[in-house]
Amino acid sequence: MARGRIRARLRRSHLYTFGCLKPTTTEEVPHPLQGPGYSRRVLCNQPQLHEKNSLFYCKNDISTTKYNAITFLPKALFEQFRRVANIYFLLAACLSASPISPFSPLSMIAPLAFVVGLSMVKEALEDSRRFLQDIKVNRRKVSLHKGDGTFGLRSWQKIMVGDVVKVEKDQFFPADLLLLASSYEDGICYVETMNLDGETNLKVKRSLEATMSLDNDGAFKDFSGTIYCEDPNPSLYTFVGNFEYENQVYPLDPSQILLRDSKLRNTDHVYGVVIFTGHDSKVMQNSTKSPSKRSTIEKKMDYIIYTLFTVLILISFISSIGFVAKTKYQAPTWWYLRPDDIEYQFDPEKIGLAGMSHLITALILYGYLIPISLYVSIEVVKVLQATFIDQDIQMYDDETGTPAEARTSNLNEELGQVDTILSDKTGTLTCNQMDFLKCSIAGTAYGVRSSEVELAAAKQMASDLDDQDLEQNMEQDLDLSNFPMHKESKVPWENIAEDEESELGIVVNSRGDEDRRPAIKGFGFEDDRLMNGNWLREPNADVLLLFFRILAVCHTAIPELNEETDSCTYEAESPDEGAFLVAAREFGFEFYRRTQSSVVIRESFSAAGKVVQREYKILNLLDFTSKRKRMSVIVRDEEGKIILFCKGADSIIFDRLSKNGKMYLDATTTHLNEYGEAGLRTLALAYRELDDREYSDWNNKFQKAKTAVGPDREAMLDQVSDIMERELILVGATAVEDKLQKGVPQCIDKLAQAGLKIWVLTGDKMETAINIGFACSLLRPGMKQICITMNSDSVTNDGKEVIKGNILTQITNASQMIKLEKDPHAAFALIIDGKTLTYALEDDVKLQFLGLAVGCASVICCRVSPKQKALVTRLVKEGTGKTTLAIGDGANDVGMIQEADIGVGISGVEGMQAVMASDFSIAQFRFLERLLVVHGHWCYKRIAQMICYFFYKNIAFGLTIFYFEAFAGFSGQSVYDDWYMILFNVVLTSLPVITLGVFEQDVPSEVCLQFPALYQQGPKNLFFDWYRILGWMGNGLYSSLIIFFLVIIIFYDQAFRANGQVADMAAVGTTMFTCIIWTVNCQIALTMSHFTWIQHLFVWGSIITWYLFLLLYGMLPPKYCKSAYQILVEVLAPAPIYWTTTLLVTIACVLPYLGHISFQRCFHPMDHHIIQEIKYYKKDIEDQRMWTRERSKARHETKIGFTARVEAKIRNFKGKLQKKQQSSQGSLSPS
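A quick note: this is a predicted structure, and the numbers were derived from the prediction, not measured.

K.L.:
Tell me what's going on with the overall build of the protein chain, and back it up with residues and numbers.
P.N.:
Scanning the protein chain from terminus to terminus reveals 41 helices and 33 strands. The burial tally for the protein chain puts 58% of its 1231 residues in the buried class. In the protein chain, the share of contacts with a sequence separation of at least 24, taken over all contacts with a separation of at least 6, comes to 76%. About 51,700 Å² of surface is accessible on the protein chain, with carbon and sulfur atoms providing 56% of the total.

Here you go:
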């Protein structure tokens, strides 16, 4: 408690010159709040008065569900009857109650009710998960003022506009609040907005001076005030309002607003009054309603059903025309039909009515062309596929105990057709942890540990070079020619000299580094030259001393002393700053204490551990902003010297160096380039000594600018600071690794090899996003960066059309540059910020912007709002017409997750909003590789094959009914018993097709990962294009013709019974149905690539079930089984013709398909066919070298990922070798 009070007494505003601008005078002009959009009035501490004053504000509970208790039934029914087949079966079920129906009502209504009901139950279960997570968020607790200065806990959902709440450290803000006071004396608090905009740096918020005194619970006993402000809107970075308090009106701006889902950091507590609640809050205004998503295959399935409907209507018309002709011209002569006593639907005198009646009968009769069980079978298969995704141990995160979760199963197959991934950065690619890894001091590089990027690239390069060496000795081996490959000339590993090896970027000593982890969080540095006081023996020990002191002094952090261990932890604005302080402590310069005007450093100069406390008086602190890109602190040391310590972006610092300060510039620049290539974030460090008079003159100007009032105050401060931050002397540079989540570079590389495009959409600033781009190899040295920006002057001075024209010109020039590029290996990266993106997304520019983006290897959008993320996702989805996947972990990602075809949420530490809005959730980005390349590939092929087979079997079955009706005078008579027709889709053919959709594997999971180019079968839609669909339909047509006509020809005038009788309709129909059951089940057995005992059980068990059914059905009394009485035992089984016909027809039906697949595998094999053959003959085990070589070739050609980085290095290296050889040959040739 004591430490908290000491810390609270610090007036933190003294640490911020720019970050928390505030005039010292109270003569501020209130905002003019007139006109539409500014109608909100908040009565502070009196929420119950709002409704009395007709101010009806929404509640604070939120809902991300698709349905609620009222909308579930109508919306769910709408979802089901969006499927055209269900509309048909609904109409057929209604007509089945009429006398013209060929079937009983139960046989039509029961399957429809079962299918629709099961689908609705599945929808309800999936939406209930979102509902439960909404409840979890709505029931979070916060301390709320109950009256008389007392606070008590209340759930978020019960908070109302006007309530005063007290938020503790590390808690989320429950609504949008006006900051009234904080635990710091001057009303400062720190807010982490990573969940809103992706930025990791803490934001400084400051209360109005008038409310700073409300710093304890009792102060709110008589508190009241009124806020007049803007209406709810999605802008995260703006706020306009006035606060009427104690007869004064104070203007409000974004620096006093605390947004819902941001988090309080480094501050014990704050008090705030609720302005916007629930769906009125800015973060929820940025979200969109839960969309109804359908997969590409499901949409295409509608068109197939339209095709089948056309066929159904066509054959129904043919049947009706045939019926009318027969009824009008032949039926009156058929005396045995009693034409004198006939029903209206057969009356030749009323031929029009008879024709219409028969048309309806035919539409119902031939309905088996449309597979009613298709939808329910797909639902069952998708739920089981989702269960396998949930249970995949390879996607289980041990650290958090979080499995993968398919939150909706509607989009499983869509995972296998993704073309573009749009990813958040913070919390998705990175884990928001910085490690101090390397540094350059006095022109000398320190730090031998390799970054993750270097390790990944070194491994890949070693693998590539080894593979190329193998390739030289294997000219005659099998070639996977179907894969998209690119060949390099051979470079034997042993021919590379040591200096050339280092030029390739391979850090030989780092190969064992991967398993070593820094024991100290934030410090991954390894170099004995600087540790344990050894730096004193270095040549430039005085410069090293300055470097360490800059790290320890130049910051705005607060130390927290652990009295038990006598060591400090730090509350810093950014992870970078925290890493610098940890590094300084490990080097022997521990930041120990901060007072209002000084900092104390404990300096340890030797291994003996002698500690000296040095105090530095803080004279001025010029804090870091994204515009300045640097921070400085002016201190007076114990010897009385005045020194300016400065750290910032190297481009900014280098421009401010004095002539004498550039001694180490060239060496430091070289090191910075190396660090950047290794994916590290860099800062340059410099200093300047000042004399008293110079400082005094400058400080007078600075204080004058600081106390100025007016719009020019910030510009004046910037100008005066710029005067001081010049004539600097360069000391060195730091290199910090922004820790990527485990496996991110490898995952991105694998996804790139699978042919996927990856865009990064982040709220972070451009420099940070570019650093991460290098770290995960979305960017690489040599890649041409296209930065579309607009300068700050044009924003204020130029009109909208001028700005838009300038941006369009930049886009056009960049597009032209890409078109004119002749180097096939050239790679372009597009980088754009949020302000520019606002104009680029307008209707008359967005298509040109998209065209440019598609032409680039990688795209990074920085400083984008949640709304812009969603708009970019929509543009890519609609503009390219291809499947998009969005992945993120925070509330700021909800919009793009919902807008994309597939939304994936990272179940990280920053709330569950992204997961709640997502279709799939995983614990780490690296699991996306398995989710897409394995499960996506499998699910796509399974669903595609399953649907094609469904249409095949229903066409094969349904057309035989049509043929028989034509054969029987278009009478509307079915050749099959009603129970046969009911069981066909529900029992006898449903389970094998479900096993196909659940268990089928063209290749095992490890092969999917080894051959990522296999994934392209999905985006290219090789298994569900019209060629394949029509091929399966043609196969069904062929099978129906063979089954019907062969059976009819064989049975037509042959003796069937021992006494010479021919077969009746029941025997013919049952034999025909037996042939169908054998044919479709043998066909599915040929289709399967992967058999388990379950497939064998269901495929062959379905055939056995048919015979068991015939046996049991025939045992029923004739009243129930009608003409099928004892049909198997007494009629069919004793007749050899029944068994020989079944065998002959089955072979005739499956033979063409068997021939087709044999021809394809021999002469036009697909990628997976070749792999299956290699695996079958165990070549992957017997010939490991060949298998490794083929794996290295089986990559989709890509320009991103560390594989592309390595290949670029190898090309560069080869070019240098060729130049050396040419120059050496030139020097040896005679003059």
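K.L.:
Please give an account of the pairing of strand β24 (residues 642-648) that cites residues and values.
P.N.:
Put simply, side chains in a regular strand alternate between the two faces of the sheet. The element β24 is extensively covered by neighbouring structure, given that seven of its seven residues are classed as buried. The alternating pattern of β24 places I642, L644, C646 and G648 and I643, F645 and K647 on opposite faces, both of which are buried. Across seven bridges, strand β23 (residues 630-636) lies against β24 in antiparallel orientation. Bridging from a neighbouring strand, S632 pairs with C646 of β24. Between β23 and β24, which follow one another and run antiparallel, lie five residues, and G640 among them has a positive phi close to 90°.

K.L.:
Break down the sheet that holds strand β13 (residues 269-276) for me, with residues and values.
P.N.:
Ordered in space as β3-β2-β4-β13-β5-β11, the six strands form an open sheet in which the pairing is antiparallel. Looking along the sheet, the strands with just one partner apiece sit at the ends: β3 (150-155) and β11 (257-258). Relative to β11, strand β5 (residues 176-182) is paired through two bridges, and the arrangement is antiparallel. When the bridges of β11 are listed, L177 appears paired with L258.

K.L.:
I'd like a rundown of the side chain of D280, residues and numbers included.
P.N.:
Tracing the backbone through its elements, the reader meets D280 in the loop between β13 and α7 (282-285). The contact partners of D280, leaving out residues within four places of it in the chain, are R40, C58, P232 and Q285.

K.L.:
Outline the environment of C431, supporting the account with residue identities and numerical values.
P.N.:
Summarising the element assignment, C431 is placed in strand β16 (residues 430-441). Spatially, the C-alpha atom of C431 lies 9.7 Å from that of Q924, the residues being 493 residues apart in sequence. Those residues in contact with C431 that sit more than four places away from it in its chain are K739, L740 and Q741.

K.L.:
Give me the lowdown on the packing of aromatic side chains, citing residues and values where you can.
P.N.:
The tally for this structure, following the rule as stated, stands at 48 aromatic pairs. Taking the centre distance of 5.5 Å and the plane angle of 10° together, the rings of F243 and Y245 count as stacked. Judged by its relative accessible area of 7%, Y245 falls in the buried class. When the centroid spacing of 5.5 Å and the interplanar angle of 70° are considered together, the rings of Y976 and F1073 count as edge-to-face. Separated by 97 residues along the polypeptide, Y976 in the loop between α28 (927-967) and α29 (978-988) and F1073 in helix α33 (residues 1065-1087) bring together distant segments of the chain. Residue class for Y976 comes out buried when judged on its relative accessible area of 3%. Among the residues examined, F1073 registers a relative accessible area of 0% and is labelled buried. Of the aromatic side chains, those joined through ring pairs into one cluster are F436, F523, F525, W535, F547, F548, F580, F587 and F589.

K.L.:
Give me the UniProt feature "transmembrane region" (unreviewed entry) in the protein chain: which residues, what numbers.
P.N.:
As recorded in UniProt, the feature "transmembrane region" (unreviewed entry) lies at residues 303-325, 356-376, 950-973, 979-999, 1029-1052, 1064-1085, 1097-1116 and 1136-1154. The annotated region residues 356-376 carries 67% helix and 0% strand content, and the separation between its end C-alpha atoms amounts to 32 Å. Regarding residues 1064-1085, the helix share stands at 95% and the strand share at 0%, and the terminal C-alpha atoms are separated by 32 Å.

K.L.:
Now, about the nonpolar core: what can you tell me, with residues and values included?
P.N.:
Ranked by internal contacts, the top residues of the largest apolar core, which has 110 residues, are Y976, Y980 and W1106. In terms of residues, this core owes the most to one element, α28, which gives 17 residues. Among residues more than four places away in sequence, those in contact with W1106 are Y980, L988, T1070, F1073, T1074, I1077 and Y1138.

K.L.:
Explain the pairing of strand β18 (residues 558-562) to me, and be specific about the residues and the numbers.
P.N.:
Sheet topology note: the β18/strand β19 (residues 567-571) ladder contains five bridges and is antiparallel. Its bridge partner lying in β19, I558 is registered against E571. Where β18 hands over to β19, the hairpin turn is made up of four residues, of which D566 adopts a positive phi near 55°.

K.L.:
I'd love a proper account of unusual backbone geometry, names of residues and values included.
P.N.:
Here the phi dihedral of N266 falls at roughly 55°; this positive angle occurs in a residue that is not glycine. Among the structural elements, N266 can be located in the loop between β12 (263-265) and β13. A relative accessible area of 9% means that N266 is categorised as buried. Within the chain, N532 stands out as a residue other than glycine whose phi angle is a positive 55°.

K.L.:
Explain the pattern of salt bridges to me, and be specific about the residues and the numbers.
P.N.:
Taken as a whole, this structure holds 39 salt bridges when the rule is applied. For R688, the salt bridge identified is with E694, shortest N-O distance 2.3 Å. Judged by its relative accessible area of 30%, E694 is partly exposed. When salt bridges with common partners are traced through the structure, they connect R628, R630, R656, D722, E725 and R726 into a single cluster.

K.L.:
Which residues make up helix α13 (residues 541-553), and what are the values?
P.N.:
An α-helical segment advances 3.6 residues per turn. Residues three or four places apart therefore align on the same side. Spanning 13 residues, α13 covers 18 Å between terminal C-alpha atoms, matching the ideal 18 Å at 1.5 Å per step. Of all the 13 residues making up α13, 12 are buried; the element is thus mostly covered by neighbouring parts of the structure. Those residues of α13 lying buried are A541, V543, L544, L545, L546, F547, F548, R549, I550, L551, A552 and V553.

K.L.:
Pulling in residues and values, what's your account of the sheet that holds β16?
P.N.:
Each strand in a sheet pairs with its neighbour through backbone hydrogen bonds, running either in the same direction (parallel) or in the opposite one (antiparallel). Judged by pairing direction, the sheet is antiparallel, and its nine strands sit side by side in the order β17-β16-β26-β25-β24-β23-β22-β21-β20 without closing on themselves. The open sheet is flanked by β17 (444-446) and β20 (589-594), the only strands paired with a single partner. For this sheet, the mean angle separating the axes of adjacent strands, direction not counted, is 30°. With seven bridges connecting them, strand β25 (residues 681-690) and strand β26 (residues 729-740) associate as antiparallel partners.

K.L.:
So what's going on with a nonpolar patch on the surface? Which residues, and what values?
P.N.:
A contiguous nonpolar surface patch, about 430 Å² in accessible area, is contributed by L1086, L1143, I1147, L1151 and L1154. The biggest single contributor to the nonpolar patch is helix α37 (residues 1136-1163), with four residues. In this fold, I1147 is placed in helix α37. Judged by relative accessible area, I1147 falls into the partly exposed class, the value being 43%.

K.L.:
I'd love a proper account of the confidence of the model for the protein chain, names of residues and values included.
P.N.:
Summarising the model, the protein chain shows a mean pLDDT of 81, and 86% of its residues fall at 70 or more. Note that residues 23-27 has pLDDT below 50 and, in this model, five contacts with residues that lie over four places away or in other chains. pLDDT under 50 marks residues 473-518. Its contacts with residues more than four places away, or in other chains, come to 102 contacts.

K.L.:
Give a detailed account of the environment of F589, specifying residues and quantitative values.
P.N.:
Note on placement: F589 falls in strand β20. Separated by 40 residues in sequence, F589 and R549 have C-alpha atoms that sit 7.0 Å apart. Those residues in contact with F589 that lie beyond four places of it in its chain are W535, L545, F548, R549, A552, A584, I601, R602, E603 and F605.

K.L.:
Please provide a residue-by-residue account of the packing of helix α17 (residues 692-706) against helix α18 (residues 713-724), values included.
P.N.:
The interhelical angle for the contact between α17 and α18, taken along N-to-C directions, is 165°, at an axis separation of 9 Å. Our classification of the angle between α17 and α18 gives roughly antiparallel. As α17 runs across α18, the sense of the crossing is left-handed. Across from W698, K701, F702, A705 and K706 in α17, the residues of α18 making contact are R713, M716, L717, V720, S721, I723 and M724. Considering only residue class, the contact of α17 with α18 consists of eight nonpolar, one polar and three charged.

K.L.:
Report on the environment of E725, specifying residues and quantitative values.
P.N.:
With respect to the element layout, E725 can be found in the loop between α18 and β26. Separated by 81 residues in the primary sequence, E725 and L644 have C-alpha atoms spaced 8.0 Å apart. Excluding anything up to four places from it in sequence, E725 contacts L622, R628, R630, M631, S632, L644 and R656. In this structure the side chain of E725 is engaged in a polar contact, spanning 2.6 Å, whose partner is the side chain of R630.

K.L.:
Before we move on, can you summarise the state of the cysteines with the specific residues and values?
P.N.:
Here a disulfide denotes one covalent bond, and it connects the sulfur atoms of two cysteines. Applying the stated rule across the entire model yields zero disulfides. The thiol sulfur of C787 is not disulfide-bonded, and the nearest other cysteine sulfur, from C862, lies at 8.1 Å. Relative accessible area serves as the criterion here: at 34%, C787 is assigned to the partly exposed category. In this structure C1075 is not part of a disulfide, and its nearest cysteine sulfur, from C1149, lies 7.7 Å away. On the basis of relative accessible area, C1075 is assigned to the buried category, the value being 0%.

Procedures and definitions
Residues numbered from 1 in each chain as written. Predicted model: local features only at pLDDT ≥ 70, side-chain atom pairs only at ≥ 80, totals over all residues. Heavy atoms only, no water. Helix = DSSP H or I, 4+ residues; strand = E, 2+ residues; numbered from the N terminus. Buried < 20%, exposed > 50% of the residue type's maximum accessible area, 1.4 Å probe, protein only. Contact = heavy atoms within 4.5 Å. Areas by Shrake-Rupley, 256 points an atom, 1.4 Å probe, with all protein chains shown as cover. Pairing = 2+ DSSP bridges. Phe/Tyr/Trp six-rings, centres within 6.5 Å; stacked < 30°, edge-to-face > 60°. UniProt positions renumbered as here; feature names shortened; annotations may be inferred. Core = buried A, V, L, I, M, F, W, Y, C linked by side-chain atoms within 4.5 Å. Salt bridge = Lys/Arg side-chain N within 4 Å of Asp/Glu carboxyl O. Expected span 1.5 Å × (residues − 1). Axes fitted to C-alpha atoms, helices over the stretch in contact; angles between N-to-C directions. Patch = residues over 30% accessible without salt bridge, like charges linked within 9 Å, V, L, I, M, F, W, Y side chains within 5 Å. pLDDT = per-residue confidence, 0-100. Parallel < 35°, antiparallel > 145°, perpendicular 65-115°, else oblique. Left-handed = near helix turned anticlockwise from the far one by under 90°. Nonpolar A, V, L, I, M, F, W, Y, C, P; charged D, E, K, R; others polar. Polar contact = N/O pair within 3.5 Å; in protein donor to acceptor, adjacent residues only side chain to side chain. Disulfide = S-S within 2.5 Å.

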